[in-house]
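Secondary and tertiary structure notes
One-letter residues, chain by chain:
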Amino acid sequence: MKQKTLFYCTACGNETPKWAGKCPACGAWNTITEQPETPKCAFKSGKQKNFTARKACPITDLQSDEEIRFPTGMRELDRVLGGGAVKGSLVLVGGAPGIGKSTLMLQICSRLCESSKVLYVSGEESEHQLKLRAKRLRVESASLYVISETSLGGMLESVTAEQPDILIVDSIQTLYNDALDSPAGSVSQVKDCTMALMQLAKGQGITVFVIGHVNKEGSIAGPKVLEHMVDCVLYFEGDQHTSYRILRAAKNRFGATNEIGVFEMRDEGLSQVENPSEMLLSGRPDDAPGTCVTCVMEGVRPVLAEIQALVVTSAGGNPRRTSNGFDYNRSAMLLAVLEKRGGLRISACDAYLNIIGGLWLDEPAADLAAVVALASSYLDRPVPGDLVAIGEVGLTGELRTVSQLAQRVSEARRLGFKKCVIPAHRLEKLGDFPGLALLPARNIGEAIRAALRPKE
Ligand code: TYD
Ligand code: MG
């Protein structure tokens, strides 16, 4: 019998019966590929029977302490997971090649091995290479089992043989099920292997960490469905040229997704950065126009970040506007407010905004610092190095309050800042901050006057 083929979109995983240039589901071009039809259930395990045999029960009869969390030994990772890993969960760790995913996973093994048995299945490195890396990272424990394996069947056999508490799979793109004809890393393989891992996690209570590479667009290579299937999706990000790495949760069934973990890649592996504000502010220029510090909330943590702006007279008719780490539309709005309400003739200028440290500021609280940095660059007047600006800017140029202002101001004081520009109507409610002067401003004009140093 001729084998049936189906067409999949490599971007979203949508199935279509015939080829098309554009995916009808997600609208991406040239992403539809032909692949043999996936058998309805390529993966068979004895456990499946148990699933159907289970009965529904009233929610009130369930024990609420069934969610068992355990620390991974990396506080920054635990924080992103929502206070430790949950037993029997499937966690996907995505990131660009070389960012440090394998390093992070191997490093957490040292703590995990103290109380659990860990099986590390690598399709990317040989056992010998793993040994060398583990030796360098000083992760050597008799309860860490490693195997270099790419076949799903082989991996399941080692799981049955070793009965680990924790399974680490490096990476989902190298794992393949030989019952399927498609190559490793293809849509059907990635889906099928993830399904098998999900059954291990839910059926046997094994905590599974899966590494996935991201493609050029920044999503995990393979279909989006992968992200729907797992419990947590963590992204490991960072600039290849700097040693700082940020781990963030894109999805978490057991906690909030607004936490970040900060790491630094060193010779001896990843080390945790307890104080991200200090890291983000290191190397800040003294007395240069066009930079201002603000405080944003990353989860429950206040983090100080530097916003840089460069405003120069445009050479052509169409001024260039770029923003890096800051919402483009928001920066366009702030430039318009500066022109109309701040009285700066900025529309004829090129304007560039950049957030230092690879951070992405999507909080309105960063508006004021962006406006101050732009004005500082335009007027060529520096902002004092010990000043922070916090506040949302409205379309009439007024300053609006932001949430958790007191916490943000305390963080600025803790890091030695002496002045803080805040929305005026919050001054009374805020209380005192010894050693830090609060500079109230009602609108951007007042804020710029308060923040910029007078021209000599
Ligand atoms: P790796 O964990 O192999 O990345 P991934 O699994 O995400 O592809 O990390 C690779 C990079 O990390 C590599 O460029 C070298 C660097 N590195 C260090 O700087 N120090 C170390 O101790 C280790 C293990 C890696
Ligand atoms: Mg790797």
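Everything here concerns the structure above.
Anyway, here's the lowdown on the structure attached to this text. (Residues numbered from 1 in each chain as written. Chains lettered and ligands numbered in written order. Predicted model: local features only at pLDDT ≥ 70, side-chain atom pairs only at ≥ 80, totals over all residues. Heavy atoms only, no water.)

Looking only at helices and strands, one finds 13 helices and 23 strands in the protein. Expressed as a percentage of its 456 residues, the buried residues of the protein come to 50%. Counting only contacts in the protein whose residues sit at least 6 apart along the sequence, the fraction spanning at least 24 positions is 67%. As displayed, the protein offers around 21,600 Å² of accessible surface, 51% of which is attributable to carbon and sulfur atoms. (Helix = DSSP H or I, 4+ residues; strand = E, 2+ residues; numbered from the N terminus. Buried < 20%, exposed > 50% of the residue type's maximum accessible area, 1.4 Å probe, protein only. Contact = heavy atoms within 4.5 Å. Areas by Shrake-Rupley, 256 points an atom, 1.4 Å probe, with all protein chains shown as cover.)

Moving on to the packing of helix H5 (residues 152-162) against helix H6 (residues 187-204). Contact geometry for H5 and H6: axes closest at 11 Å, N-to-C directions at 10°. Considering the angle they form, H5 stands roughly parallel to H6. Between H5, through Leu152, Met155, Leu156 and Val159, and H6, the contact on the second element is made entirely by Asp192, Cys193, Ala196, Leu197 and Leu200. Residue composition of the contact of H5 with H6, grouped by class: 8 nonpolar, no polar and 1 charged. (Axes fitted to C-alpha atoms, helices over the stretch in contact; angles between N-to-C directions. Parallel < 35°, antiparallel > 145°, perpendicular 65-115°, else oblique. Nonpolar A, V, L, I, M, F, W, Y, C, P; charged D, E, K, R; others polar.)

Bringing the sheet that holds strand E14 (residues 269-272) into the picture now. Reading across from one edge, E8-E7-E9-E10-E6-E11-E12-E13-E14 is the order of the 9 strands in this open sheet, with mixed pairing throughout. Two strands lie at the open edges of the sheet, namely strand E8 (144-148) and E14, each paired on one side alone. Each neighbouring strand pair of the sheet contributes to a mean axis angle of 25°, computed without reference to strand direction. The pairing of strand E13 (residues 260-266) with E14 spans 4 bridges and is classified as antiparallel. Its bridge partner being in E14, Phe263 is matched across the sheet by Gln272. (Pairing = 2+ DSSP bridges.)

Before going further, it helps to examine the site of ligand 1. As a matter of local geometry, ligand 1 sits amid 16 residues, with Gly98, Lys101, Ser102, Thr103 and Arg266 nearest to it. Within the backbone of Asp267, a nitrogen or oxygen atom sits 2.9 Å from an oxygen atom of ligand 1. Those elements giving two or more residues to the shell around ligand 1 turn out to be helix H3 (101-115), helix H4 (127-136) and E13. The element that contributes the greatest number of residues to the shell around ligand 1 is H3, accounting for 3 residues. When grouped by side-chain class, the residues that make up the shell around ligand 1 number 5 nonpolar, 5 polar and 6 charged. (Near = heavy atom within 4 Å. Polar contact = N/O pair within 3.5 Å; in protein donor to acceptor, adjacent residues only side chain to side chain.)

Turning next to the environment of Asn443. Within the secondary structure, Asn443 sits in the loop between strand E23 (437-441) and helix H13 (444-451). When the C-alpha atoms of Asn443 and Ser376 are compared, they prove to be 16 Å apart, with 67 residues separating the residues in sequence. Contacts of Asn443, omitting those with residues within four sequence positions, involve Gly397, Glu398 and Leu399. Side-chain polar atoms of Asn443 contact the backbone nitrogen of Gly445, separated by 3.2 Å. Polar contacts involving the side chain of Asn443 include one to the main-chain amide nitrogen of Glu446, which spans 2.9 Å.

Right, let's talk about the nonpolar core for a bit. Membership of the largest hydrophobic core comes to 47 residues, with the highest contact counts inside it found for Ile307, Phe326, Leu338 and Leu361. Examining the composition of this core, we find that 8 residues originate from one element, helix H10 (residues 367-379), more than from any other. The contacts of Leu338, once residues within four sequence positions are left out, are Gly343, Leu344, Ile346, Val371, Leu374, Ala375, Ile444 and Ile448. One finds Ile108, Cys109, Leu112 and Leu137 within the second-largest nonpolar core, a separate group that totals 34 residues. (Core = buried A, V, L, I, M, F, W, Y, C linked by side-chain atoms within 4.5 Å.)

It is worth spelling out the packing of aromatic side chains at this point. According to the stated counting rule, one finds 1 aromatic pair in the structure shown. Plain terms: the ring middles of Phe236 and Phe263 are 5.8 Å apart, the flat faces sit at 85° to each other, and that makes the pair edge-to-face. Here Phe236 is found in strand E11 (residues 232-237), whereas its partner Phe263 is found in strand E13, with 27 residues between them in sequence. By the burial criterion, Phe236 is buried, and Phe263 matches it. Between the NZ or CZ atom of Lys117 and the centre of the ring of Tyr145, over which it lies, the distance is 4.5 Å. (Phe/Tyr/Trp six-rings, centres within 6.5 Å; stacked < 30°, edge-to-face > 60°. Lys NZ or Arg CZ within 6 Å of the ring centre and 35° of its normal.)

Now for unusual backbone geometry. A cis geometry characterises the amide bond from Asp170 onward to Ser171, with omega recorded as 0°. Although it is not a glycine, Asn30 sits at a positive phi angle of roughly 55°. On the secondary structure map, Asn30 appears in the loop between strand E2 (15-16) and strand E3 (32-36). Positive phi, normally seen in glycine, also occurs at Gln404, with a value near 50°. Structurally, the position occupied by Gln404 is in the loop between strand E21 (399-400) and helix H11 (405-414).

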